[in-house]
Amino acid sequence: MTELIVAFDYPNGRDALALADRLNGLRWAKLGPVLYVREGPTLVREFAARGMHVFLDLKWHDIPNTVSGAVTAARDLGVAMATVHCLGGAAMLTAAALAAGDLALLGVTVLTSHDAPAFEQVVGRGVPDLGFEAERLARAAVAAGLRGVVASGHDVGLLREALGPEPWIVVPGVRLPGDAAGDQARTVTPAEAARRGATHLVVGRSITQAADPAEAYQRVLESL
Ligand code: C5P
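Within every chain, residues take consecutive numbers counted from 1 along the sequence as written. Per-residue local features are limited, in this predicted model, to residues with pLDDT of at least 70; the limit for side-chain atom pairs, both in listing and counting, is 80 or more; totals at the level of whole chains, interfaces and linings are taken over all residues. Only hydrogens and water are set aside; all other atoms, that is, all heavy atoms of the structure, feed into the side-chain values.

Chemist: Even after reading the chapter, I still don't get the environment of alanine 191, so can you show me in this structure?
Modeler: Inspection of the secondary structure assignment puts alanine 191 in helix α9 (residues 190-196). A 1.4 Å probe rolled over the protein chains alone gives each residue an accessible area, and that area as a share of the maximum for its type sets the label: buried under 20%, exposed over 50%, partly exposed in between. Assessed through its relative accessible area of 39%, alanine 191 is described here as partly exposed. Taking the C-alpha atoms as reference points, alanine 191 and glutamine 121, separated by 70 residues in sequence, lie 35 Å from one another. A run of DSSP states H or I qualifies as a helix once it reaches four residues; a run of E qualifies as a strand once it reaches two. Both are numbered from the N-terminal end.

In structure tokens:
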């Protein structure tokens, strides 16, 4: 069964918690850098106190010792899932995985804001196929001992085939049929992402910006 994660991309913790209280049975809450920098560990504890698993999506990319320390701190805080950048390299990924314990650590492969020319600029070589790059980085994440990866709905089928059945594949850029894509270039519906092999879906604006968020949340659950 594919799990639903709601991305609480709100400017303040009060509004985020008010919404969380309306989403009956929600198991996973994603907090990103905007909210976390404003509200810090207190907000993580408030979500956890409501019985939710917290996905702290800060996408760490630093030297191994620093990332390992950040993962340990997240674990001590009770965070259930967190992210690092696969481009941090094998030593960083391994150090992070060793620190993770029960925390599910995921590798971010290719940012959804990168197209091939932008990624070529970063890596300094030709990139004929971004799917190949995503697969290469996802394999590095799993080889280093990470629980899984974050991937676009476009690549999830390819990655599921490459990685086998075990690794988690967490898919953002999910939209209910008919919803605006906004800044997401490659969206998928919840049902489609689940069918292609996603273990978890991240849904933000389709729920948080809906006229009736609780109703949109129910529709996503039903479509799974
Ligand atoms: O509002 P929307 O459903 O597009 O939100 C998607 C969430 O997933 C945002 O919090 C965004 O930061 C996050 N995300 C993403 N693409 C990635 C990784 C995370 O959209 N590659």
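Further notes follow.
Chemist: Before we go on, may I ask you to explain the nonpolar core in this structure?
Modeler: Across soluble globular proteins, nonpolar side chains show a tendency to be buried alongside one another. We define a nonpolar core as any set of buried Ala, Val, Leu, Ile, Met, Phe, Trp, Tyr and Cys residues linked to one another through side-chain atoms lying within 4.5 Å. Phe8 and Phe47 are the most contacted members of the largest nonpolar core, which totals 65 residues. For this core, the element with the most residues is helix α5 (residues 90-100), which contributes 6 residues. Those residues in contact with phenylalanine 47, other than ones at most four positions away along the chain, are Phe8, Ala16, Leu17, Ala20, Ala29, Leu31, Met52 and Val54. Judged by nonpolar contacts, the second largest core, of 12 residues, contains Ile5, Met81, Ala104 and Val202. Residue contacts are defined here by distance: any two heavy atoms, one from each residue, within 4.5 Å place the two residues in contact.

Chemist: Looking at this model, I keep getting lost on the pattern of salt bridges. Mind explaining?
Modeler: If charged atoms from side chains of opposite charge come close, those side chains can pair. Only one rule defines a salt bridge in this text: a Lys or Arg side-chain nitrogen within 4 Å of an Asp or Glu carboxyl oxygen. Per the counting criterion, the structure on display carries 13 salt bridges. Of the charged contacts, one joins arginine 196 and glutamate 192 as a salt bridge, the two residues approaching to 2.8 Å between their closest N and O atoms. Here arginine 196 pairs with glutamate 192, and both are found in helix α9, just 4 residues apart, close to one helical turn. In this structure arginine 196 comes out as partly exposed when scored by relative accessible area, which is 29%.

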